[in-house]
Amino acid sequence: MAGNKSYTIVEYFGGDDGYRCGYCKNEKGNFSHGMWSHTMTVQDYQDLIDRGWRRSGKYVYKPIMNKTCCPQYTIRCHALKFQPSKSHKKILKKISKFISKGELPKGQDDGEPMDSVCEEAGPREPDKVCQSEVKCAASIDIQKEVAECPDTAEVQKEVADAGPADSEASRKEPVSVTDARTTATAPKPGVGADASRPPCRKAKDLRKERRLQKEQMRQDADGVSSSPSPAQTNQPKPLEDFISESLPDNSSHCLEVRLVRSNPPCPQFKASFEASYQVYKLYQMAIHKDPPDKPSESQFRRFLCDSPLEAEYSPDGPEMGYGSFHQQYWLDGRIVAVGVIDILPTCVSSVYLYYHPDFASLSLGSYSALREIAFTRQLQKQSPKLSYYYLGFYIHSCPKMRYKGQYRPSDLLCPETFVWVPIERCVPHLENSRYARFNQDPDAGDARVLKDVGRALVLYRRTVMPYAAYTRKRKGPADETEVQQYASLVGQDCAERILLYRA
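Calculation rules
Residues numbered from 1 in each chain as written. Predicted model: local features only at pLDDT ≥ 70, side-chain atom pairs only at ≥ 80, totals over all residues. Heavy atoms only, no water. Helix = DSSP H or I, 4+ residues; strand = E, 2+ residues; numbered from the N terminus. Buried < 20%, exposed > 50% of the residue type's maximum accessible area, 1.4 Å probe, protein only. Areas by Shrake-Rupley, 256 points an atom, 1.4 Å probe, with all protein chains shown as cover. Core = buried A, V, L, I, M, F, W, Y, C linked by side-chain atoms within 4.5 Å. Contact = heavy atoms within 4.5 Å. Pairing = 2+ DSSP bridges. Axes fitted to C-alpha atoms, helices over the stretch in contact; angles between N-to-C directions. Parallel < 35°, antiparallel > 145°, perpendicular 65-115°, else oblique. Nonpolar A, V, L, I, M, F, W, Y, C, P; charged D, E, K, R; others polar. pLDDT = per-residue confidence, 0-100. Salt bridge = Lys/Arg side-chain N within 4 Å of Asp/Glu carboxyl O.

Q: Can you explain the overall build of the protein? Please cite residues and give values.
A: Helix and strand counts for the protein stand at 14 helices and 15 strands. Burial statistics for the protein: of 503 residues in total, 50% are counted as buried. A total accessible area of about 24600 Å² is found for the protein, and carbon and sulfur atoms account for 51% of it.

Structure (C-alpha cells):
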C-alpha cells in the first residue's frame, strides 16, 4: 500500500494429483493448483481471490473447476446492502435470550462445518527451496537488485506506463416466526368487546410507536423539530440495530468481540494464544471428530495463524491496517469462538471460524458471519472501497455449504471470465451442472488474460528479472510449460508484480 515497496514471493505447484475431498469424501477427486507464498501484499491477494484463489495458512490454492469433484465458486456479499433474513433474526434473538437470561437453547445445533477443508487438499511446504535465501531475497536486497537490474527497471516502467488494468450447516429458511402478540380470550357470547376500552393493538405496532416516540424525543432534545417522514419510518432496521439489541444491558452474561492481529502477532494475540488454541482443539475433536493428536499446536499455527500477508497501512485505509486478524469472542472473560479474517483493500475475507463445543447450540457460525458483515460496514466508513464481505467458497453440489447463499445480495465469480454475477442468476445453471460458466455473453473473456509470459517476474539467485531474461540465464531443464500455466492462472497483471521463485 502507500509508502510500502514490497513484493509477493511464491513457489508454484501444478495440479496433476488428486487429493481427498473434505466435502464429498472422494479419496482422489479434489484437484487444485497451488502455490506456497513466502510473503504476499494485500493487493496481490485481493487480485488473486478475485480470480478464484484462496489461502490456507501460507498455502494459496485454486480449484480446477471443470475437473474437481466439488467445484468451489468464490462468493461475496454486498455488505452495505445486506438485510438479515428471518433465520438470521432468529439467531440474533437466540443470542439475545442467552446473553440476557443465561439460558442455552436446548437440543443440538445442526453442526457448523469449518469453512475451509483445504488441509485435506494437500497443502505442502516446499522442499526444494532454501528458506533463508527467500527470506534474504525478500528483504532490502531485492530493492537493491531491482535498481541494478536493467531488465527489471524496464519492465517496471512498462507496467507503470500501462497503468492498472481493469461455517454453518445448510439451514432451510425457517417458517416465519410471528412477532409476540397480546393474547386475548374469546369474548363471551352476546357480550362482545368492551366498548369503553380502547381496541386491542398488536405488540408489533406498540413497539413501533414507542420507537418513534423515543426518536422524536431525541430529536427534540437535539433541537430538531421536524417529524420523521414516512420514507424514514418505513426504512428496514439495519443489521447494527439487531446486533445491539442482541446484547442488552444488565444481562446475565457479557459478550465482547476483540480484534487482534495474527501476523505479525500483536501482544494481545500472543497473550491469548494458548486459550484460543484450546478452543480450536476442542472444536476439531467435537465437531469434526479429529483424534486428539491431530489438532496439534503446530498444525493450528500453520493452518490459522501463519499468513503470507504482512501488515500494511494506507492513509485512506482502515485504522487497524490491512492483513490477517483473529476476531475473538469473549464471554464472561473467556474465549468461546474465533473468526479468522483477512482485511483487504476492497473486502473482509472470512478464512475460518471455530468455537467451543459447549456453545454449539448458539449457531455461532451464522452469528459470527453477521458480526463480520457489520464489521465490514464499519470499516467502509473509514475506507470507502472496502465494501464487500467474502465468505470463501460456495459449493452448490454440497448441500451443507449452500448456507452461504443466504447472505444476500451476493455474487458468484464466473470461473472463466472472472466477473461477478448475482447468485440468483447462477443457481439455475448449477442445478443443471456442477460446473458452469455464469457469464452468458459468449464473446466475453478474461480481461486479465495472459498475453506475454516473458514479462512475468521471477526471483532467480536473489535477483528480480522478467521471465524472458531468466530464460537466457537459466541452466537446467526447460520450465516454459509450468511458468505459462502459473502465469495464466494468476493473470497478466499479477504475473508482472508477483515474484515466481526459480531454484
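Q: Hey, could you go over the nonpolar core for me, with residue numbers and the actual values?
A: Membership of the largest hydrophobic core comes to 116 residues, with the highest contact counts inside it found for Met 35, Tyr 352, Tyr 354, Tyr 407, Leu 412, Phe 438 and Tyr 486. Residue contributions to this core peak at 8 residues, all from helix α11 (residues 364-382). With residues up to four places along the chain from it excluded, the contact list for Tyr 407 reads Cys 77, Phe 82, His 88, Ser 366, Ala 369, Leu 370, Ile 373 and Leu 391. Counting residues in each nonpolar core, the second largest holds 7 residues, with Tyr 7, Ile 9, Leu 457 and Tyr 501 among its members.

Q: Outline the sheet that holds strand β2 (residues 32-39), supporting the account with residue identities and numerical values.
A: Spatially, β3-β4-β2-β1-β15-β13-β14 is the arrangement adopted by the 7 strands of the open sheet, whose pairing is mixed. The sheet terminates laterally at β3 (54-56) and β14 (463-466), the two strands that pair on one side only. For this sheet the average axis-to-axis angle between neighbouring strands, irrespective of direction, equals 40 degrees. Relative to strand β15 (residues 499-502), strand β13 (residues 457-460) runs parallel, the two being bridged by 3 bridges. When the bridges of β15 are listed, Val 458 appears paired with Leu 500. The sheet strands contacting helix α14 (residues 480-495) are β1 (9-13), β2, β4 (59-63), β13 and β15, and the helix crosses β1 at an angle near 140 degrees.

Q: Tell me about the sheet that holds strand β12 (residues 420-422), residues and numbers included.
A: The pairing of strands in a sheet happens through backbone hydrogen bonds and is either parallel or antiparallel. In space, the 8 strands of this open sheet follow the order β6-β7-β8-β9-β10-β5-β11-β12, with mixed pairing throughout. Bordering the open sheet on either side are β6 (255-263) and β12, each of which pairs with just one other strand. Taken pair by pair, the neighbouring strands of this sheet meet at an average axis angle of 35 degrees, ignoring direction. Relative to strand β9 (residues 347-355), strand β8 (residues 334-343) runs antiparallel, the two being bridged by 7 bridges. Along β9, the bridge assignment pairs Ile 343 with Val 348. Sitting on the sheet, helix α12 (residues 423-432) touches β5 (73-78), β10 (388-394), β11 (410-413) and β12, and the angle it makes with β12 is about 85 degrees.

Q: Could you give an account of the packing of helix α9 (residues 273-287) against helix α10 (residues 297-305), naming the residues involved and the relevant values?
A: For the pair α9 and α10, interaxial distance at closest approach is 11 Å and the crossing angle is 95 degrees. If you check the angle between α9 and α10, you find them roughly perpendicular. When α9 is examined against α10, the residues Phe 273, Glu 274, Ser 276, Tyr 277 and Tyr 280 are found in contact with a partner set consisting of Glu 297, Gln 299, Phe 300, Arg 301, Phe 303, Leu 304 and Cys 305. Looking at side-chain class alone, the contact of α9 with α10 contains 7 nonpolar, 2 polar and 3 charged residues.

Q: Describe the confidence of the model for the protein, with residues and values.
A: On average, residues of the protein score 84 in pLDDT, and 74% of them reach the 70 mark or higher. Taken as a whole, residues 116-124 scores under 50 in pLDDT and shows 29 contacts with residues more than four places along the chain or in a different chain. Overall, residues 143-191 carries pLDDT values under 50, and its contacts beyond four positions in sequence, including any with other chains, amount to 77 contacts.

Q: Tell me what's going on with the pattern of salt bridges, and back it up with residues and numbers.
A: Within this structure, the stated rule accounts for 18 salt bridges. One salt bridge in this structure joins Glu 245 and Lys 237, with 3.0 Å as the shortest N-O distance. By relative accessible area, which is 45% here, Glu 245 ends up partly exposed. With its nearest N and O atoms 3.2 Å apart, the salt bridge here joins Arg 455 to Glu 496. Here Glu 496 lies in the loop between α14 and β15 and Arg 455 lies in the loop between α12 and β13, a separation of 41 residues in the sequence. The exposure class assigned to Glu 496 is buried, which follows from its relative accessible area of 11%.

Q: Kindly report on the pairing of β13, identifying the contributing residues and their values.
A: By the alternation rule, side chains of β13 split into Leu 457 and Leu 459 and Val 458 and Tyr 460, which are all buried. Two elements, β13 and β14, share 4 bridges in a ladder whose sense is antiparallel. Following the sheet pairing, Val 458 is matched in β14 by Met 465. Linking two consecutive strands that pair antiparallel, namely β13 and β14, is a turn of 2 residues; a positive phi of about 55 degrees is found at Arg 461 within it.

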